[in-house]
Amino acid sequence: MHCSLLSLLLTATAALQPNKMWGTAAWNWGSAVGDAHDAAAELRSALSTEDARREYLIALRNGRISEASAKLCFALTCQRAGGSLPAPFNDAYSALVRGEYERDSGFADLAACAAPGVDRYNLNVQLSVKPQRLTEFLEIIEANAVSTLREPRNLRYAWGESATTPGVYHFQESFVGKQGFDEHCAAPTFAAWEAFAGSDPFTAEPSVQFYVPTTSVAADHAPCVCVAAFLAALEFVPRGC
């Protein structure tokens, strides 16, 4: 983790008080004077580069960012989006500003409120690998997994060998919108995968099935993952907060 992000996390722990900020006179959101203004300036300074924002998003998705910091980042990103904010995000943002999420369940409640604003692009993949190509396959997949889990719009990348059929591998992938999948397919590690896949490494035709989840992102993921998805949908990494 970058030093600037580590500093941010330590600052967030000391300066942001869980469940004691939003809706209070001292917080004074939207004003040039108050605790919110000072905290926002500090957060924006720490997240002034795209690399810092990417590291923040990954840390948030992994549960290493405080809820207080994540709420502030969500609010600032919603504020930056202005009139283009999806209705569920606007509802969550408005409730946050009113102080409705300043309770123990507040972070989960925020995630549930904003969840309908996220479209997911999900797929399952099955691959049957030739024994003599297995070592190469595993090297490429492991590199692809590391890269994918760092993509801002990735929600899940899970894979493993069949419990009943050696050499058969299953993958479950989820992205924030088709844009997330397209960005995944444009990554250098995916190009390496495509080159491998085109070299006749399989004993059967790969199976790729796309599907639409019947549950919301808040039902399938922890609140920290949901808020990371909201930020990704609002182009937090390239545009900032």
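From a predicted model like this one, the values you see are computed outputs, not experimental measurements.

S.K.: Could you give an account of the packing of helix α3 (residues 50–61) against helix α11 (residues 223–233), naming the residues involved and the relevant values?
M.R.: The N-to-C vectors of α3 and α11 enclose an angle of 150 degrees; their axes lie 7 Å apart at closest approach. By the angle class used here, α3 and α11 are roughly antiparallel. In this structure, α3 uses Leu 57, Leu 60 and Arg 61 to contact α11, whose residues at the interface are Cys 224, Val 225, Val 227, Ala 228, Leu 231 and Ala 232. When the residues that make up the contact of α3 with α11 are grouped by side-chain class, the tally is eight nonpolar, no polar and one charged.

S.K.: Explain the sheet that holds strand β3 (residues 168–176) to me, and be specific about the residues and the numbers.
M.R.: With respect to topology, four strands assemble into an open sheet ordered β2-β3-β1-β4, the strand pairing being antiparallel. Because the sheet does not close on itself, it has two edges, and the strands there are β2 (154–161) and β4 (207–211). In this sheet, neighbouring strand axes are inclined to one another by 10 degrees on average, regardless of whether the strands run parallel or antiparallel. Here strand β1 (residues 120–128) pairs with β4 via five bridges, running antiparallel. Bridge pairing links Asn 122 to Tyr 211 in β4.

S.K.: Quick rundown of the pairing of β2? Include the residues and the values.
M.R.: Taken together, the seven bridges between β2 and β3 define a ladder with antiparallel strand orientation. Of the residues in β3, the one forming a bridge with Tyr 157 is Glu 173.

S.K.: Got a sec to walk through the nonpolar core? Specific residues and values, please.
M.R.: Among soluble globular proteins, nonpolar side chains are generally buried collectively. By size, the foremost hydrophobic cluster in this structure holds 52 residues, and its most contacted members are Trp 29, Phe 74, Phe 230 and Phe 236. Among the secondary structure elements, those contributing two or more residues to this core are α2 (35–46), α3, α4 (67–81), α5 (87–97), α6 (106–114), α11 and α12 (236–239). Among the nonpolar cores identified, the runner-up in size contains 17 residues, and Leu 123, Phe 137, Phe 171 and Trp 193 belong to it.

S.K.: Lay out the confidence of the model for the chain with the relevant residues and their values.
M.R.: In this model, the chain carries a mean pLDDT of 92, and residues with pLDDT of at least 70 account for 92%. Contacts of residues 10–14 to residues separated by more than four positions or lying in other chains number four contacts, the stretch itself having pLDDT below 50.

S.K.: Give me helix α9 (residues 188–197): which residues, what numbers.
M.R.: For α9, every residue scored as buried is listed here: Phe 190, Trp 193 and Phe 196. Along the axis of α9, the buried positions cluster into a sector of 115 degrees, meaning they face one direction only. Pointing more than 90 degrees away from the buried face of α9 are the exposed residues Pro 188 and Ala 195. Residues of α9 that are buried sit in contact with β1, α7 (134–148) and α8 (177–185).

S.K.: Lay out unusual backbone geometry in plain terms, naming residues and giving numbers.
M.R.: The residue Asn 28 is not glycine, and still its phi comes out positive at about 55 degrees. Structurally, Asn 28 can be placed in the loop between α1 (3–15) and α2. Here the phi dihedral of Glu 235 falls at roughly 60 degrees; this positive angle occurs in a residue that is not glycine. Classification of Glu 235 by relative accessible area gives buried; the value is 17%.

S.K.: Give a description of the environment of Asn 144 that names residues and reports values.
M.R.: For Asn 144, the location among the structural elements is in helix α7. A sequence separation of 93 residues divides Asn 144 from Asp 51, and the C-alpha atoms of the two residues are 20 Å apart. At a separation of 3.2 Å, a polar atom in the side chain of Asn 144 contacts the side chain of Tyr 157.

Reading guide: rules and limits
- Residues numbered from 1 in each chain as written.
- Predicted model: local features only at pLDDT ≥ 70, side-chain atom pairs only at ≥ 80, totals over all residues.
- Heavy atoms only, no water.
- Axes fitted to C-alpha atoms, helices over the stretch in contact; angles between N-to-C directions.
- Helix = DSSP H or I, 4+ residues; strand = E, 2+ residues; numbered from the N terminus.
- Parallel < 35°, antiparallel > 145°, perpendicular 65-115°, else oblique.
- Contact = heavy atoms within 4.5 Å.
- Nonpolar A, V, L, I, M, F, W, Y, C, P; charged D, E, K, R; others polar.
- Pairing = 2+ DSSP bridges.
- Core = buried A, V, L, I, M, F, W, Y, C linked by side-chain atoms within 4.5 Å.
- Buried < 20%, exposed > 50% of the residue type's maximum accessible area, 1.4 Å probe, protein only.
- pLDDT = per-residue confidence, 0-100.
- Arc of directions from axis to C-beta.
- Polar contact = N/O pair within 3.5 Å; in protein donor to acceptor, adjacent residues only side chain to side chain.

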